[in-house]
Amino acid sequence: MNKTAIRQWRNKAESWVQRGLDKRLRLAVTGLSRSGKTAFITSLVNQLEHAGLDARLPHWLPAAERRVLGSRRVPGRHHHVPAFGYEAALSQLAATPPAWPEPTRGISEITLAIRYCPKNRLKRRLQDTATLYLELVDYPGEWLLDLPLLSMSYAEWSAQQRGLLQTPALARLAHRWLSAGEAIAPDSPADDNRLAPLAAAYTQWLHDIKRECGAYLVQPGRFILPGEYQGAPMLQFVPWVWDEVPAGLNEQHHYGMMETRFEHYKKHLVAGFYRDHFAGFDRQIVLVDCLSALNRGPGSFADLGRAVNAIVQSFDYGKSNWWRRLFAPRIDKLLFAATKADHLTPDQHGRLAHLLDTLVRGGQRHARLSGIDIETLALASIKATTSGEVSHQGESIPALQGRRLDNGEPVTLYPGEVPERLPDAAFWQRQGFDFIDFAPPGWQPEQPLPHVRLDRALAFLLGDKLA
Ligand SMILES: Nc1nc2c(ncn2[C@@H]2O[C@H](COP(=O)(O)OP(=O)(O)OP(=O)(O)O)[C@@H](O)[C@H]2O)c(=O)[nH]1
Ligand SMILES: [Mg+2]
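Rules used throughout
Residues numbered from 1 in each chain as written. Chains lettered and ligands numbered in written order. Predicted model: local features only at pLDDT ≥ 70, side-chain atom pairs only at ≥ 80, totals over all residues. Heavy atoms only, no water. Salt bridge = Lys/Arg side-chain N within 4 Å of Asp/Glu carboxyl O. Helix = DSSP H or I, 4+ residues; strand = E, 2+ residues; numbered from the N terminus. Buried < 20%, exposed > 50% of the residue type's maximum accessible area, 1.4 Å probe, protein only. 1 Å grid on protein atoms, 1.4 Å probe; cavity = no way out; pocket = protein on both sides within 12 Å on 5 of 7 lines; lining within 4 Å. Points joined across faces, edges and corners; volume = space filled by probe spheres on them. Nonpolar A, V, L, I, M, F, W, Y, C, P; charged D, E, K, R; others polar. Arc of directions from axis to C-beta. Contact = heavy atoms within 4.5 Å.

## Details of the pattern of salt bridges
Evaluation of the coordinates by the stated rule reveals 22 salt bridges. In this structure, D464 and R283 form a salt bridge, with 2.9 Å as the shortest nitrogen-oxygen distance. Residue D464 is found in the segment after α18 (454-462), and its partner R283 is found in strand β5 (residues 283-288); the two are separated by 181 residues along the sequence. Its relative accessible area of 2% is what places R283 among the buried residues. Through salt bridges with shared partners, one network takes in R24, R26, R77, E109 and E135.

## Overview of empty space enclosed by the protein
Counted according to the given criterion, the structure contains one cavity of 30 Å³ or more. Volume-wise, the largest cavity comes out at about 40 Å³. Taken together, W143, D146, R222, L269, V270 and F273 make up the lining of the largest cavity. If one sorts the elements of the lining of the largest cavity by residue count, helix α11 (residues 254-276) sits on top with three residues. Looking at the lining of the largest cavity residue by residue, the class counts come to four nonpolar, no polar and two charged.

## Regarding helix α4 (residues 86-93)
Looking at α4, one finds that the buried residues are Y86, A89, L90, Q92 and L93. End-on view of α4: buried residues confined to an arc of 160°, all on one side of the axis. On the buried face of α4, the contacting elements are α2 (37-50), β2 (68-74) and β3 (108-116).

## Notes on unusual backbone geometry
Backbone torsion omega between T96 and P97 reads -10°, so that peptide bond is classified as cis. Tracing the sequence through the fold places P97 in the loop between α4 and β3. In this structure, the amide linkage connecting Q219 to the following residue, P220, adopts the cis form with an omega of -5°. Positionally, P220 belongs in the loop between α9 (192-213) and α10 (221-224). One non-glycine residue with positive phi stands out, namely R34, at about 65°. Relative to the assigned elements, R34 resides in the loop between β1 (23-31) and α2. Residue R34 is classed as exposed on the basis of its relative accessible area, which comes to 53%. The phi torsion at K340 lies on the positive side, around 60°, for a residue other than glycine. Relative to the elements of secondary structure, K340 occurs in the loop between β6 (333-338) and α15 (349-361).

Interpretation in functional terms is not warranted from these geometric data alone.
Next up, the structure:
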């Protein structure tokens, strides 16, 4: 073998070894609207870009052991998934005055190459450094709320929605779509000119109950967040909550057409999401904004509990054969994180995590999620306050300082106590919550973003992958 051939052979062997050491991890980030997904991914990418330099990640061992050499963004493998708007989010945070990133509507992703020194001796002997390709996927938690639809017929779903209308606060806002639907006979010829405005009025109701009643558990989830399917006929149906339906109807009739669309919705959007995206996730973080729900009151908080419970069902495939057969999910670690913990003084963070844990467990849940490693914690992706103590009537009490989002004015406040368990009636009478929204922190783009416990999240989600 001449020298060139030897060199070529050695390069090839090294790249084989390298490929053997390099890993990929697809980490999905979800949560209901405004739960803090964009802030979380932005801060996570930012911390990782600063890892090995000046990031503060003491609880993430690979960083504490100085084995993380650096991270950079690289093009993703999934060309059909829109790119996560990292640069746009950073420039909003760096603006004067700083602004929170814009709301997002659908799925997006960003890939990082994290270079590190393996700890494992065998790996080390083979190669000094290895790379973890971390794919972060942002998608709306509302899409997970649709899972129960897969096992329901149109008639069953309609009956369930009719049940919802027993709640006066929800029924009060339903007038427009209820009266539009009343005028349509189930066996009259299907007409898009009538179904489209009916579905639009129903969709508006879903938005209204979210806004006015603080509802979280709204179905179908894609009506609220249609992504690229805005205006598709598949999204133009409503539950049939009116007269008895005569037998023998088909797609030529209004009822039959809506039934067909419901089935399309299930097949293409609900099952399609689980098959094309969910089945490819290795790990998952679910973000939950418990504080906004506490702020809105008992009805809203109870609905958040129901929504979290519905979300948990997507990970409850440990014992379900049909679920495994259909989608072959492979998520092995699941982190529930209560976001925006910087709205509380640090002594309350443990209580917030505990409260979320109670919502997630909703009875016996953990036992049923066998096979998945689950953890719950409280974090702030982008810390907008500083905590300290103020003296009040001769006593020193914990307090927060930040700037109000509405007018940018500095404030010092004691936000109060978070219930450690599900709040009871006495709690709501004793104490209302009044969290204000904080403006993002003043931040120099060359510095890492300030955070609370993002390193703990990294330790749980990535710790073993950088061994
Ligand atoms: N104080 C504080 N506020 C936060 C934090 N994270 C998010 N927020 C607030 O919550 C809002 C929503 O955060 P996003 O990250 O946009 O939430 P999202 O889940 O991506 O929302 P959608 O894209 O609308 O689904 C922000 O505009 C901030 O007001 C945090 O760590 N601290
Ligand atoms: Mg977002």
